[in-house]
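Chain residues, written in single-letter form:
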Amino acid sequence: MLKIYNSLTKQKESFEPLDQNHIKYYSCGPTVYNRIHIGNARAFICADLLAKVLKGIYPKVTYVSNITDIDDKIIEAAKEEKVSIKDISNKYFNIYLEDLESLGINKPDLQPFATDYINEMIDYIEKLIDSNNAYIHEGNVLFDTTKFKNYGCLSGRNLDEQKAGERVNLETYKRNVNDFTLWKPSNNGEPGWESPWGFGRPGWHLECSVMSELTLNIPFDIHGGGNDLKFPHHDNEIAQTCAYHGSSEPQDFARYWFHNGFLNLDNEKMSKSLGNVVYLEDLLDVYDGNQIRLALLSTHYRQPIPWNKTLLEQAKTVSKKINKFTKDLNLTPKFNVDTLIAQDLLDDLNTPKAIATIQKLIQSPSNNIESELETFQYIFEGSKHKVRLDDNKISEIEKLIKERDIARKNGNYDQADEIRDKLTKMNVIIEDINGKTVWKI
RNA sequence: GGCUGAGUGGCAGAGUGGUUAUGCAGCGGACUGCAACUCCGUUAACAUCGGUUCGAUUCCGUUCUCAGCCUCCA
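Residues numbered from 1 in each chain as written. Chains lettered and ligands numbered in written order. Predicted model: local features only at pLDDT ≥ 70, side-chain atom pairs only at ≥ 80, totals over all residues. Heavy atoms only, no water.

Whenever I open this one, the packing of aromatic side chains confuses me. Can you help?
Given two aromatic rings, one states the distance between the centres and the angle between the planes to describe the pair. Counting across every chain of the model gives 16 aromatic pairs. Taking 6.3 Å as the distance between ring centres and 35° as the angle between the ring planes, the aromatic pair formed by F93 and Y96 counts as tilted. Within this pair, F93 and its partner Y96 are both found in helix α3 (residues 85-102), separated by three residues, close to a single helical turn. Neither F93 nor Y96 differs from the other in exposure class; each is buried. Between F93 and F113 the ring centres are 4.9 Å apart and the planes differ by 70°, which places this aromatic pair in the edge-to-face class. In this pair, F93 is assigned in helix α3 and F113 in the loop between α3 and α4 (118-130), connecting sequence segments 20 residues apart. (Phe/Tyr/Trp six-rings, centres within 6.5 Å; stacked < 30°, edge-to-face > 60°. Helix = DSSP H or I, 4+ residues; strand = E, 2+ residues; numbered from the N terminus. Buried < 20%, exposed > 50% of the residue type's maximum accessible area, 1.4 Å probe, protein only.)

Now the structure itself:
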């Protein structure tokens, strides 16, 4: 039985699916305008982690993750690169897919694109206006947050209290601070679509309400995303969907809300303005996909990860140790429920505990060890990405090692050590095992 | 100001009302030309002040500190 922390009720709960035979799970996907950074990577790994566990215990799981391909950031990127928004979103969507793969993240079962649902969004807005939940102001359509009495129920916000410490300037066209855009006009050559309110484009929050319902129907089991999406994005989704269906119960939309924590650099959030963004592709030049994956899963998904090089190096060490143990075994990665690893994961996805468990098992193997390792591999080792090395570098390394061997045979230990230092500087570690020298990065 | 969440050994990180994980690093040793790898051994912690209890790091409350959100954000 899976236990999972539900952000909506703020407690760990037993997961009771609406239909045992078909689990429905939606997770907010990327806005495709840039290559992904390590923080994004964590979010996608966590989302996938839950999908993997669900698929491990239920016969059918539909995991949907949307692609936001219309958004101000994309418009900006298109302007900068002097191409169309479609070019931008296609380009970065493909990079996103490659990045997922390099980290051993499975592709979601469905990846709906926002721009494929424009008509549906327009219909949705019309109904919200008709039912008096939204209002029009000069080509803008806004959701009236006062119309949904449970507004803010996910993040624990209360409209009256919010006003006290209000940091946002009230846009003149908004009736209430929290009212958000359902549709906004596109001007000056900005991309857009014709609508009853003029040429424009949808607000960001809308797509998830529309696409999750159209792909999964509501209510569905789990809705996930990064912690920062709780407010306003997810609260807005709840408000829209519930208002649309005349409900006041957030669980008429999604039953369990799943949010992952952030990744901190030097005890600070990673952000572009601080210039401390770590891009995944840069790490992939130095670490294997599974090593990065292990580093990202070495902290419980709800906690912040203090990201630094030490963490990666530790993950690398652990990953190698496990690989050494498994390399001669014939294992098929799969989720074996009757393992200690599976039990750790079924308890709110306790990956750090599972990592500790596997290390204990390697120290003193039980007769069930293969089953444990298969489960471990299923969750932690889906990546095939290896650090890339070009042939020139390899032949240079091998040449140096040969020189060192000769020096050692002749008793020229100073020279041998010099060569080893040189290799160390190239990030190459050498090991003399049974008279043979092996090297690794 | 409001809302979340968190404070565990040098670092990372689970967990538990009493026997106090795990890894990395460190230290000692075996191995080695020296290292690395591997193996054996080992040090070390539960923010603060109260309360409950035979007993609390674990439960309750106080204080302090930190992070995230409240504005695009994973």
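So, next bit.
Which parts of the structure should I look at to understand a negative patch on the surface?
Where like charges cluster on the molecular surface, the negative patch consists of D116, E120, D123, E126 and D130. Topologically, E126 is positioned in helix α4. (Patch = residues over 30% accessible without salt bridge, like charges linked within 9 Å, V, L, I, M, F, W, Y side chains within 5 Å. Areas by Shrake-Rupley, 256 points an atom, 1.4 Å probe, with all protein chains shown as cover. Salt bridge = Lys/Arg side-chain N within 4 Å of Asp/Glu carboxyl O. Lys, Arg positive; Asp, Glu negative; His and termini not counted. Charge placed at Lys NZ, Arg CZ, Asp CG, Glu CD.)

How should I be thinking about helix α10 (residues 309-326) in this particular structure?
Count 3.6 residues to each turn of an α-helix, and residues three or four apart come out pointing the same way. Compared with an ideal rise of 1.5 Å per residue, which puts 18 residues at 26 Å, α10 spans 26 Å between its outermost C-alpha atoms and is within 8% of the ideal. Within α10, burial applies to L311, L312, A315, K316, V318, S319, I322 and T326. For α10, the elements touching its buried residues are α8 (280-284), α9 (289-297), β13 (305-307), α12 (351-363) and α13 (369-380). One side-chain oxygen at the N-terminal end of α10 lies 3.1 Å from the backbone nitrogen of T310; it belongs to N308. (Expected span 1.5 Å × (residues − 1). Contact = heavy atoms within 4.5 Å. Polar contact = N/O pair within 3.5 Å; in protein donor to acceptor, adjacent residues only side chain to side chain.)

So what exactly am I meant to see when it comes to the confidence of the model for chain A here?
Detailed reading of the predicted coordinates is not advisable wherever pLDDT falls low. Looking at chain A, pLDDT values average 91 and 96% of them are 70 or higher. A low-confidence stretch, residues 164-168 (pLDDT under 50), is modelled with two contacts involving residues beyond four sequence positions or located in other chains. Both scores are given for the predicted complex: the pTM is 0.94, the ipTM 0.93. (pLDDT = per-residue confidence, 0-100.)

I would appreciate a short explanation of the sheet that holds β13 in the present structure.
In sheet architecture, strand pairing relies on hydrogen bonds along the backbone and comes in two forms, parallel and antiparallel. Taken together, three strands build an open sheet; the order of strands is β12-β11-β13 and the sheet is mixed. One side of each edge strand has no neighbouring strand; the edge strands of this open sheet are β12 (268-269) and β13. Strand direction decides the pairing type here: strand β11 (residues 263-265) and β12, joined by two bridges, are antiparallel. Counterpart to L265 in the pairing with β12 is E268. (Pairing = 2+ DSSP bridges.)

Where do I start with α3 in this structure?
A rise of 1.5 Å per residue sets the reference length of α3, with its 18 residues, at 26 Å; its end C-alpha atoms lie 26 Å apart and thus fit the reference within 8%. Within α3, burial applies to I85, I88, S89, Y92, F93, Y96, L97, D99, L100 and S102. As for α3, its buried residues are in contact with α1 (38-57), β4 (61-65), α2 (72-81), α8 and α9. The first or second residue beyond α3 is G104, which carries a positive phi of 75°.

Before we go on, may I ask you to explain unusual backbone geometry in this structure?
For residues other than glycine, phi is negative in most cases, and the peptide bonds are mostly trans. That bond from I218 to P219 is cis: its omega, -5°, falls within 30 degrees of zero. Inspection of the secondary structure assignment puts P219 in the loop between α6 (204-216) and β9 (220-226). The omega torsion of the bond from F231 to P232 falls at 0°, within 30 degrees of zero and hence cis. Secondary-structure assignment places P232 in helix α7 (residues 230-244). Unlike most non-glycine residues, N132 shows phi in positive territory, near 70°.

Help me understand the domain arrangement of chain A, please; the structure alone is not making it clear to me.
Much of the literature gives interface size as the accessible area that the parts lose upon coming together. Along its sequence, chain A is organised into domain 1 (3-263), domain 2 (284-380) and domain 3 (391-440). Computed from C-alpha coordinates alone, the two centres of domain 1 and domain 2 are separated by 31 Å. Approximately 2200 Å² of surface area, both sides summed, lies buried where domain 1 meets domain 2, with 68% of it carried by carbon and sulfur atoms. At the boundary of domain 1 and domain 2, one finds two salt bridges. At the junction of domain 1 and domain 2, the tally comes to 12 residue pairs in polar contact (both at pLDDT 80 or more). Secondary structure elements with two or more residues in the side of domain 1 that touches domain 2: β1 (3-6), α1, α3 and β10 (254-260). Of the residues that constitute the side of domain 1 that touches domain 2, the class distribution is 15 nonpolar, six polar and seven charged. (Domains from an automatic or database assignment. Buried area = accessible area lost by both parts, 1.4 Å probe. Nonpolar A, V, L, I, M, F, W, Y, C, P; charged D, E, K, R; others polar.)

Is there a simple way to think about the pairing of strand β15 (residues 436-440) in this case?
Within a regular beta strand, the side chains point alternately toward one face of the sheet and then the other, so they alternate between its two faces. Bridge analysis of strand β14 (residues 429-433) against β15 gives five bridges, and the strand direction is antiparallel. Each residue of the ladder has a partner; that of I433, found in β15, is K436.

Help me out: how do you make sense of the sheet that holds strand β5 (residues 134-137) in this one?
Spatial strand order, β5-β6-β7-β8: four strands in an open sheet with antiparallel pairing. Bordering the open sheet on either side are β5 and β8 (200-202), each of which pairs with just one other strand. Direction aside, neighbouring strands of the sheet carry axes that sit 20° apart on average. In this sheet, strand β7 (residues 180-185) lies alongside strand β6 (residues 140-143) in antiparallel orientation, the contact comprising three bridges. For F143, the partnering residue across the bridge sits in β7 and is F180. (Axes fitted to C-alpha atoms, helices over the stretch in contact; angles between N-to-C directions.)

Explain the state of the cysteines to me, please; I cannot follow it from the model alone.
Should the sulfur atoms of two cysteines be covalently bonded, the bond is a disulfide. In total, this model carries zero disulfides according to the counting rule given. The thiol of C153 is not disulfide-bonded; the next cysteine sulfur, from C242, is found 7.2 Å away. The partly exposed category is assigned to C153, whose relative accessible area is 22%. (Disulfide = S-S within 2.5 Å.)

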